[in-house]
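Reading the structure
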Amino acid sequence: RLYTHYEIDHAALFELVAKVRGAFLMTYDESVEIVAMAEAHQFVTRRVPMKNTHHSIMYELLFTGRSTLWAGHALELESGTAGPSTAFPHPNAEG
């Protein structure tokens with residue numbers, strides 16, 4: 001396994017994260033069950049393209065509890081055209 005701690009109670013994690021008052025960003029592999037949990041907790045969700053170890057495009061989900069995190073980036077992320085440097089620029093980046 002890639003990770004040491006990979007057996008977790010996802011439903012309990014979503015319940016816990018839904019109570020977070022501050023900003024958060026979670027990533028998950030795309031699945032019907034995970035999307036349903038995110039919708040049940042009213043998380044803001046974006047589907048983003050990623051390359052796996054075989055350089056094939058697969059999709060991952062990003063979740064946050066606030067839509068403001070996506071301000072100015074929603075269309076880029078939804079269309080799949082944004083790369084890591086443009087979707088979430090470094091805070092010290094110019095421009």
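**Structural notes on the pairing of strand S2 (residues 44-51)**
The pairing of S2 with strand S3 (residues 57-64) spans eight bridges and is classified as antiparallel. What sits directly across from Val44, in S3, is Thr64. Between S2 and S3, which pair antiparallel one after the other, the connecting turn spans five residues, and His55 there sits at a positive phi close to 65 degrees.

**Observations regarding the layout of surface pockets**
By volume, the largest pocket is sized at about 690 Å³. Lining the largest pocket are 20 residues, with Tyr3, Tyr6, Thr27, Tyr28 and Asp29 sitting closest to its centre. Residue assignment for the lining of the largest pocket shows that the elements contributing at least two residues are helix H1 (10-18), strand S1 (26-29), S2 and S3. Looking at the lining of the largest pocket, the element that brings in the most residues is S1, giving four residues. Considered class by class, the residues forming the lining of the largest pocket number 10 nonpolar, six polar and four charged.

**Structural notes on the confidence of the model for the protein chain**
The predicted model of the protein chain averages 75 in pLDDT, with 67% of residues at 70 or higher. Across the protein chain, element-level confidence peaks in H1 with a mean pLDDT of 94 and bottoms out in helix H4 (residues 84-87) with 42. For residues 74-93, every residue scores under 50 in pLDDT, and the model assigns this stretch 20 contacts once sequence neighbours within four places are set aside.

**Here's the deal with the nonpolar core**
Listed in full, the 11 residues of the largest apolar core are Phe14, Val17, Phe24, Met26, Tyr28, Ile34, Met37, Ala38, Phe43, Leu61 and Phe63. At the level of elements, H1, S1, helix H2 (32-40) and S3 are the ones that each hand at least two residues to this core. Ranked by residues supplied to this core, first place goes to H2 with three residues. Leaving out residues up to four positions away in the same chain, Met26 has contacts with Phe14, Val17, Phe43, Leu61, Leu62 and Phe63.

**Focus: the sheet that holds S1**
Sheet architecture is open: three strands sit in the order S1-S3-S2, paired in antiparallel fashion. Looking along the sheet, the strands with just one partner apiece sit at the ends: S1 and S2. Taken over all neighbouring pairs, the strand axes of this sheet differ in orientation by 30 degrees on average, direction set aside. Contacts from H1 reach S1 and S3 within the one sheet, and its direction differs from that of S1 by about 155 degrees. Along the sheet, H2 makes contact with S1, S2 and S3, crossing S3 at roughly 20 degrees.

Rules of the game
Residues numbered from 1 in each chain as written. Predicted model: local features only at pLDDT ≥ 70, side-chain atom pairs only at ≥ 80, totals over all residues. Heavy atoms only, no water. Pairing = 2+ DSSP bridges. Helix = DSSP H or I, 4+ residues; strand = E, 2+ residues; numbered from the N terminus. 1 Å grid on protein atoms, 1.4 Å probe; cavity = no way out; pocket = protein on both sides within 12 Å on 5 of 7 lines; lining within 4 Å. Points joined across faces, edges and corners; volume = space filled by probe spheres on them. Nonpolar A, V, L, I, M, F, W, Y, C, P; charged D, E, K, R; others polar. pLDDT = per-residue confidence, 0-100. Contact = heavy atoms within 4.5 Å. Core = buried A, V, L, I, M, F, W, Y, C linked by side-chain atoms within 4.5 Å. Buried < 20%, exposed > 50% of the residue type's maximum accessible area, 1.4 Å probe, protein only. Axes fitted to C-alpha atoms, helices over the stretch in contact; angles between N-to-C directions.

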